[in-house]
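# Structural overview
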Amino acid sequence: MEIEKEVKKMALGHEFGAGAACLKCKDKCEGFELHFWRKICRNCKCGITEHDVPMNSEENKKVGKLFEDTKYTGLIAKLKTDGIPRYQANTVTITLPSPATATVLPPPLIAQAQAPAPAPAPAPVQPVPATITPVKANKVPVAVPKDVPMRSVTYEWAPPVANKHLAVRYIQLLPPEKRPVAGTEGAAYRRQQMARQLPEHDQDPSKCHELSPAEVKQMQQYVRKCKDEALGVGDVMLPEEMALVKAGGQAGAGVGAPGGGSGEAVGAGVVTGGTPGVSGGVGGAAAVAGVGSGPGAAEVAAGQAGGTGPLTGPGVGPAGAAVGTAATAGAMGVPGAQQTGLSQQNFSCHHCQKPMRQGEPAVYAERAGYDKLWHPACFVCCTCNELLVDMIYFWKKGKMYCGRHYGDSEKPRCAGCDELIFSNEYTLAEGQNWHLKHFCCFDCDCILAGETYVMENDKPVCKPCYMKNYAVKCCCCQNVVEPEAQRVSYGGLNWHAEPQCFRCSGCSKCLIGQRFMVAQRFLFCSVECKKKTMT
């Protein structure tokens, strides 16, 4: 019954974005008109991302559907009006002084700057498990002279960590042209990659063209496997603090649902056991058991903790500590955290094998194991080598993929409609895969099975369309060179590769396989023939 519903509601939404101007073709395009099944504009052949179509709402629905029924439900929200899950990208606005007059403090100095003055040594007491004092991090710590003009910067997305300094430092480590600053090419790059890396027709049967009930069932099984075995969201954390976590120490600020204020933690899983009033402290007994989805939020403060309340959102860390988004013990560092007796370790990026700089954030992937870490700029797809948008990854057999190329590793993709192929029969032509009904002329959509076609820009074109739109003319006879005919091309000029066309304009000698020269679109066998003819 559910499969029949999916088949009935299939539609490509041809009114969405209709008439939008093409940012690439400008006035050459009459306005966006979605092709019936190709996912491109009928007028200019460009994709929807090349047109001025607001995509935020649609993209949020798409990612919301991807995270639905996963441990990442803390990153989505459902509106009461329609009940559709929507992705909540973490937008951050910070106020900074001019770069020439302010210096951002590195994390170790921040920890020192925020450390309280040493207190007199207390009288010996019975040892108790250590607790963590929350550190507020609502502003990026900077050293700013007085009377310096400030500026606000909005990031359309930033890692949802409690420590804004860590989030900003993460973005600063990305290539400048890929930083998602609102109104810049970096923000446009993020939106394009969101559409490119996470195709909605890879997970939603209603966005596909005429799937059979059997294909819908196979697609649903594929999506379930994808969510259960491959989908993940990266965690951002200082390697030094991850070492503390793995050693049974304090938890840092990882990626999960947007965290609360001071003294609140939102992670993935249920914190159980431990001493009442103690959670995740150095030497503490708290552990993560499973993935919770309840509404509770644990309070972690000196002498107070919701040790048995369920925590919402993703980000389960290594056993013994929750590495979710928590406003406790942020990456700014808790005073004294570096004095735990752990020796200085060297951390290397799993992608480039180069060392991590001390005090700079790294990206971790739970499915890959917390023994691996990446530079922010190295957290890329192994196939396209593009940054994984919003750190959404798919892990398979020791490799990191974006959604598109994970799909390509599981199923063939139709070069005509860009959808994954879930049928047993399909066409393999020109090194690409095609639905049987989609191996068509790129210009007129006529079926090419058993017909003559020509590949133009990696797209098949029927012979009539080729002769009309792409064929070149012979400089000698002025007739069109048919696709089956041999031709000689030189400097943008073309001739039939026949004695009567490719010959000297002076003495009519056949020049096929011979030395020749071109002057004013004429062929010559020698300088002498050129002088006789041109003078």
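Sequence order sets the numbering: in each chain, residues are counted from 1 along the sequence as written. Totals for whole chains, interfaces and linings use every residue, but because this is a predicted model, local features are given only for residues with pLDDT of at least 70 and side-chain atom pairs only at 80 or more, for both listing and counting. In computing side-chain properties, one takes all heavy atoms of the structure into account and sets aside hydrogens as well as water.

On to the packing of aromatic side chains. The geometry of an aromatic ring pair is captured by two quantities: the separation of the ring centres and the angle between the planes. Any Phe, Tyr or Trp ring, taking Trp's six-membered ring, that has another such ring centre within 6.5 Å forms a pair; planes under 30 degrees apart are called stacked, those over 60 apart edge-to-face, and the others tilted. For the coordinates displayed, the defined rule picks out 15 aromatic pairs. Between Trp374 and Phe379, the ring centres sit 5.4 Å apart and the planes meet at 75°, which makes this aromatic pair edge-to-face. Here the term buried applies to any residue with accessible area under 20% of the maximum for its type, exposed to any over 50%, and partly exposed to those in between, with areas from a 1.4 Å probe on protein chains only. On the basis of relative accessibility, which here comes to 4%, the residue Trp374 falls in the buried class. An aromatic cluster is present here, built from Tyr222, Phe394, Tyr406 and Phe422 joined pairwise through their rings. In this arrangement the basic side chain of Lys45 is found over the ring face of Phe442, its NZ or CZ atom lying 5.2 Å from the centre. Here, a charge over a ring means that NZ of Lys or CZ of Arg falls within 6 Å of the ring centre while also lying within 35 degrees of the ring normal.

On to unusual backbone geometry, then. Even without a glycine there, the phi angle at Lys397 is positive, about 50°. Counting from the N terminus, the helices are the DSSP runs of H or I reaching at least four residues and the strands are the DSSP runs of E reaching at least two. Secondary-structure assignment places Lys397 in the loop between strand S17 (392-396) and strand S18 (399-401). Phi is positive for Glu430, close to 55°, though the residue is something other than glycine. Along the chain, the position of Glu430 falls in the loop between strand S19 (427-429) and strand S20 (432-434). On the basis of relative accessibility, which here comes to 46%, the residue Glu430 falls in the partly exposed class.

So, on to the environment of Asp443. Relative to the elements of secondary structure, Asp443 occurs in the loop between S20 and strand S21 (453-456). Note on Asp443: relative accessible area 25%, which makes it partly exposed. Remark: the alpha-carbon pair of Asp443 and Cys462, spanning 19 residues in sequence, is separated by 8.1 Å. In this description, contact between two residues means that some pair of their heavy atoms is separated by no more than 4.5 Å. Once you skip the residues sitting within four places of it in the chain, Asp443 turns out to touch Lys45, Val461, Cys465, Asn469 and Tyr470. The term polar contact refers here to a pair of N or O atoms within 3.5 Å; inside protein, the definition further demands a hydrogen-donor-capable atom paired with an acceptor-capable atom, and it admits residues adjacent in sequence only when both atoms are side-chain atoms. In terms of polar contacts, Asp443 uses its side chain to reach the side chain of Asn469, at 3.0 Å. Looking at Asp443, its side chain comes within polar contact range of the side chain of Tyr470, at 3.2 Å.

Before going further, it helps to spend a moment on the sheet that holds S17. Should DSSP find at least two bridges between two strands, the strands are taken to pair. The strand order S7-S17-S18 describes an open sheet built from three strands, whose pairing is antiparallel. In the strand order of this sheet, the two ends are held by strand S7 (231-233) and S18, each with one partner. Sheet twist, expressed as the mean angle between neighbouring strand axes with direction ignored, is 40°. Where S17 lies against S18, three bridges are found, and the strand directions are antiparallel. Whenever a helix is involved, its axis is fitted only over the stretch in contact; in every case the axis is a line through C-alpha atoms, and angles between N-to-C directions fall within 0 to 180 degrees.

Most of S17 sits inside the fold, with five of its five residues counted as buried. As paired elements, S7 and S17 share three bridges and run antiparallel to each other. Counterpart to Val233 in the pairing with S17 is Ile392.

Attention now goes to the environment of Phe516. Inspection of the secondary structure assignment puts Phe516 in the loop between strand S24 (493-496) and strand S25 (517-519). Along the sequence, Phe516 and Ser526 sit ten residues apart, while their C-alpha atoms lie 6.8 Å from each other. If sequence neighbours within four positions are ignored, Phe516 has contacts with Tyr490, Phe502, Leu511, Leu523 and Phe524.

Turning next to the packing of helix H2 (residues 56-67) against helix H5 (residues 185-197). Running from N to C, H2 and H5 cross one another at 45°; their axes reach a closest spacing of 11 Å. The orientation of H2 with respect to H5, classified from their angle, is oblique. Crossing hand, H2 versus H5: left-handed. Facing Asn56, Glu59, Lys62 and Val63 of H2, the residues of H5 in contact are Arg191, Met194 and Ala195. Tallied by class, the residues present in the contact of H2 with H5 amount to three nonpolar, one polar and three charged. Comment on the angle field: the value is read as roughly parallel under 35 degrees, roughly antiparallel over 145, roughly perpendicular from 65 to 115, and oblique elsewhere. Two helices cross in a left-handed way if the nearer one is turned anticlockwise from the farther one by less than a right angle. They cross in a right-handed way if the turn is clockwise. Classification used: nonpolar for Ala, Val, Leu, Ile, Met, Phe, Trp, Tyr, Cys and Pro, charged for Asp, Glu, Lys and Arg, polar for all others including Gly.

Moving on: the nonpolar core. Here is a general trend for soluble globular proteins: nonpolar side chains tend to be buried in one another's company. Take the buried residues of types Ala, Val, Leu, Ile, Met, Phe, Trp, Tyr and Cys, join any two whose side-chain atoms come within 4.5 Å, and each joined set is a nonpolar core. Core analysis: the biggest nonpolar cluster contains 68 residues, and Phe67, Trp374, Phe379 and Phe394 have the highest contact counts within it. Setting aside chain neighbours within four positions, we find Trp374 in contact with Cys349, His350, His351, Met356, Ala362, Val363, Ala365, Ala368, Phe379, Trp395 and Met400. Ranked by size, the runner-up nonpolar core spans 13 residues in total, among them Cys474, Val481, Trp495 and Phe502.

Time to look at helix H8 (residues 403-410). Of the residues making up H8, those classed as buried are Gly403, Arg404, His405, Tyr406 and Gly407. Where the residues of H8 are buried, they touch H5, helix H6 (213-229), S17 and S18.

The criterion for a disulfide is a pair of cysteine sulfur atoms lying within 2.5 Å. Evaluation of the coordinates by the stated rule reveals zero disulfides. The thiol sulfur of Cys440 is not disulfide-bonded, and the nearest other cysteine sulfur, from Cys446, lies at 7.4 Å. In this structure Cys462 is a free cysteine whose sulfur lies 3.5 Å from that of Cys465, the closest cysteine sulfur available. Cys462 gets classed as buried once you look at its relative accessible area, which sits at 5%.

For S21 and strand S22 (residues 459-462), the ladder comprises four bridges, and the chain directions are antiparallel. When the bridges of S22 are listed, Met455 appears paired with Pro460.

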